[in-house]
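Secondary and tertiary structure notes
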Amino acid sequence: MSLTLNTDIAIIGGGIAGLWLNAQLRQRGFNTLLIEHNTLGGGQSVKSQGIIHGGAKYALHGALTGSSEAIADMPKRWRQALAGAGEVDLTGVRVLSDAHYLWSPGSIAGNLTSFFASKAMRGRVDQVKGQDLPPALQHKDFKGRVYRLAELVLDVPNLIERLAKLADDSLLHAQKITPRYQDGQLLGVQADAYSINAQRVVCCAGRGNQDLLKAFDLTQPEQQLRPLHMVVAKGPALLPLYAHCLGGGSKPRVTVTTHPTADGQWAWYLGGNLAEADGVARSETEQIKAAQAEMAQLLPWVEHRNTQWATLRVDRAEPVQSGLARPDNAFVTEQGKLLIGWPTKLALAPDFTDRVLKLLARDHIQPSATQNYPDLPRPRIASPVWETLFN
Ligand code: FAD
């Protein structure tokens, strides 16, 4: 039997984009239903490194790109949210590191000179030494230079939990989602047994947007997938490190974040250039060997006898760009009452929501009378990869 639910905005996809948008819409008095077909955060969001970029990484080649400009505000907006004074109340969400670091292991002065000369970096980096170094680098054999960036690293599973709490009764777990039309007009969606009427439908289903577009009989916007082959190392001797380790090029040689595991250890999550093209071409065994060699060269004092290693293949889903380039901003487009988009970065979830809110305001979409939803099937929250890969 079909049950009808009325809402203002139906959101499809419970990653960071959908959950952040949902929280902000609810705060503004909108009725919302967020429909997730799997687990909350289980697409890219919980597999992300949780860095709230401010654009520093993108200024490495010295140029102030669109990317560095657009993203520069994000750390401030997230900090306000974490302090309970922002657009979404993230009080209580665990901050893994108050700063991300830029770590130059050798002497690649040329690279750093242009980096510090770039307008994007003025006043945003300080060199750190001794006791102020990240714990993993506090060793007598450490050589190199380390700079503190004003970028946070968040515990993403904890963030998703908080946003799920703010979503309250607006979450719905449903496997099959199809559009509902009347006289050629989009009425809402059918989500399993639930017929949902909505003023607007927002698809923010990460790589799932592609299939949803097909279901809505649309060919635009096109999606690109950028594959990554990440490495996770878990062990009793690992210490926290949140850093882009610089190589010779414009991309970090390796980007390391560190995550607490349920059994009281730390897991290093390794991305950056290691996880890109060459890394994607490697088998799992080859990729683990490459990561072990990289970390042995960079941190030779770390004892790895009891470290466990695993890899994870995951795609970044984004609107198509020429040459598979990285998009600069969040992206939202519309087809009548349907909005479709990708935040393109976890850090850009506020930018994604700004873009949706702007379109709603333009169309004078207002909250309707408050709806109380029955006890709906709820999606679970995804487990972090450092908990699932070693079982
Ligand atoms: P997702 O998190 O993929 O969520 C989409 C959701 O939609 C999923 O839960 C999925 O199950 C659901 N869904 C799909 N199809 C359907 C359907 N038909 N019906 C219902 N639900 C559906 N960004 C940063 O800012 N900082 C970082 O440090 C960072 N590190 C990253 C590291 C890696 C390895 C990767 C892959 C990405 C990283 N990113 C980072 C990018 C960031 O993770 C993504 O841009 C962001 O998480 C995308 O969020 P999303 O909500 O669009 O998608």
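Below: a short report on this structure. For clarity, every value in this text was computed on a predicted model and none was experimentally measured.

1. What about the side chain of His-259?
Within the fold, His-259 resides in strand E17 (residues 252-260). On the basis of relative accessible area, His-259 is assigned to the buried category, the value being 3%. With sequence-adjacent residues up to four places away left out, His-259 is seen in contact with Gln-49, Leu-96, Gln-265, Trp-266, Ala-267, Tyr-269 and Trp-386.

2. Focus: the site of the ligand
Taken together, 35 residues lie around the ligand, and Glu-36, Gln-44, Ser-45, Ile-51 and Ala-347 are the ones closest in. Within the backbone of Gln-44, an N or O atom sits 2.9 Å from an oxygen atom of the ligand. Compared with its free state, where it exposes 1,000 Å², the ligand has 94% of that area covered by protein. For the shell around the ligand, the elements supplying multiple residues, two or more each, are helix H1 (16-27), strand E3 (32-36), strand E15 (223-235) and strand E19 (308-319). Grouping the amino acids of the shell around the ligand by side-chain chemistry returns 15 nonpolar, 16 polar and four charged.

3. A short note on the packing of H1 against helix H5 (residues 156-167)
One can describe the packing of H1 onto H5 by two numbers: an axis separation of 9 Å at closest approach and a directional angle of 40 degrees. Classified by the angle their axes make, H1 and H5 are oblique. In terms of crossing hand, the pair formed by H1 and H5 is left-handed. Of H5, the residues touching H1 (which contributes Ile-16, Leu-19, Trp-20, Asn-22, Ala-23 and Arg-26) are Leu-159, Ile-160, Leu-163, Ala-164, Leu-166 and Ala-167. Residue composition of the contact of H1 with H5, by class: 10 nonpolar, one polar and one charged.

4. Let's talk about the packing of H1 against helix H9 (residues 349-362)
Here H1 crosses H9 at 55 degrees, and the two axes come no closer than 9 Å. One element, H1, and the other, H9, form an angle in the oblique class. Relative to H9, the crossing made by H1 is right-handed. Packed against H1, whose contacting residues are Ile-16, Ala-17, Trp-20, Leu-21, Gln-24 and Leu-25, the element H9 presents Ala-349, Pro-350, Phe-352, Thr-353, Val-356, Leu-357 and Leu-360 at the interface. Tallied by class, the residues present in the contact of H1 with H9 amount to 11 nonpolar, two polar and no charged.

5. Some thoughts on the packing of aromatic side chains
A ring pair, where both rings are aromatic, is described by two values, the distance of the centres and the angle of the planes. What the rule picks out here adds up to four aromatic pairs. Geometrically, the ring pair formed by Phe-142 and Trp-301 is edge-to-face, given 6.4 Å between the ring centres and 90 degrees between the ring planes. Here Phe-142 is found in the loop between strand E7 (125-128) and strand E8 (145-149), whereas its partner Trp-301 is found in the loop between helix H8 (284-298) and E19, with 159 residues between them in sequence. Owing to a relative accessible area of 15%, Phe-142 belongs among the buried residues under this scheme.

6. Things to note about the sheet that holds E15
One key point about sheets: their strands pair by backbone hydrogen bonds, in either a parallel or an antiparallel sense. Strands sit in the order E7-E8-E6-E16-E17-E18-E15-E19 across an open sheet of eight strands; the sheet is mixed. Two strands lie at the open edges of the sheet, namely E7 and E19, each paired on one side alone. Adjacent strand axes in the sheet meet at a mean angle of 25 degrees when their direction is disregarded. As judged from the five bridges shared by E15 and strand E18 (residues 266-271), these two strands associate in the antiparallel manner. Paired with Val-231 across the bridge in E18 is Leu-270. Docked against the sheet, H8 engages strand E6 (100-104), E15, strand E16 (243-246), E17, E18 and E19, running at close to 105 degrees with respect to E19.

Calculation notes
- Residues numbered from 1 in each chain as written.
- Predicted model: local features only at pLDDT ≥ 70, side-chain atom pairs only at ≥ 80, totals over all residues.
- Heavy atoms only, no water.
- Helix = DSSP H or I, 4+ residues; strand = E, 2+ residues; numbered from the N terminus.
- Buried < 20%, exposed > 50% of the residue type's maximum accessible area, 1.4 Å probe, protein only.
- Contact = heavy atoms within 4.5 Å.
- Near = heavy atom within 4 Å.
- Polar contact = N/O pair within 3.5 Å; in protein donor to acceptor, adjacent residues only side chain to side chain.
- Areas by Shrake-Rupley, 256 points an atom, 1.4 Å probe, with all protein chains shown as cover.
- Nonpolar A, V, L, I, M, F, W, Y, C, P; charged D, E, K, R; others polar.
- Axes fitted to C-alpha atoms, helices over the stretch in contact; angles between N-to-C directions.
- Parallel < 35°, antiparallel > 145°, perpendicular 65-115°, else oblique.
- Left-handed = near helix turned anticlockwise from the far one by under 90°.
- Phe/Tyr/Trp six-rings, centres within 6.5 Å; stacked < 30°, edge-to-face > 60°.
- Pairing = 2+ DSSP bridges.

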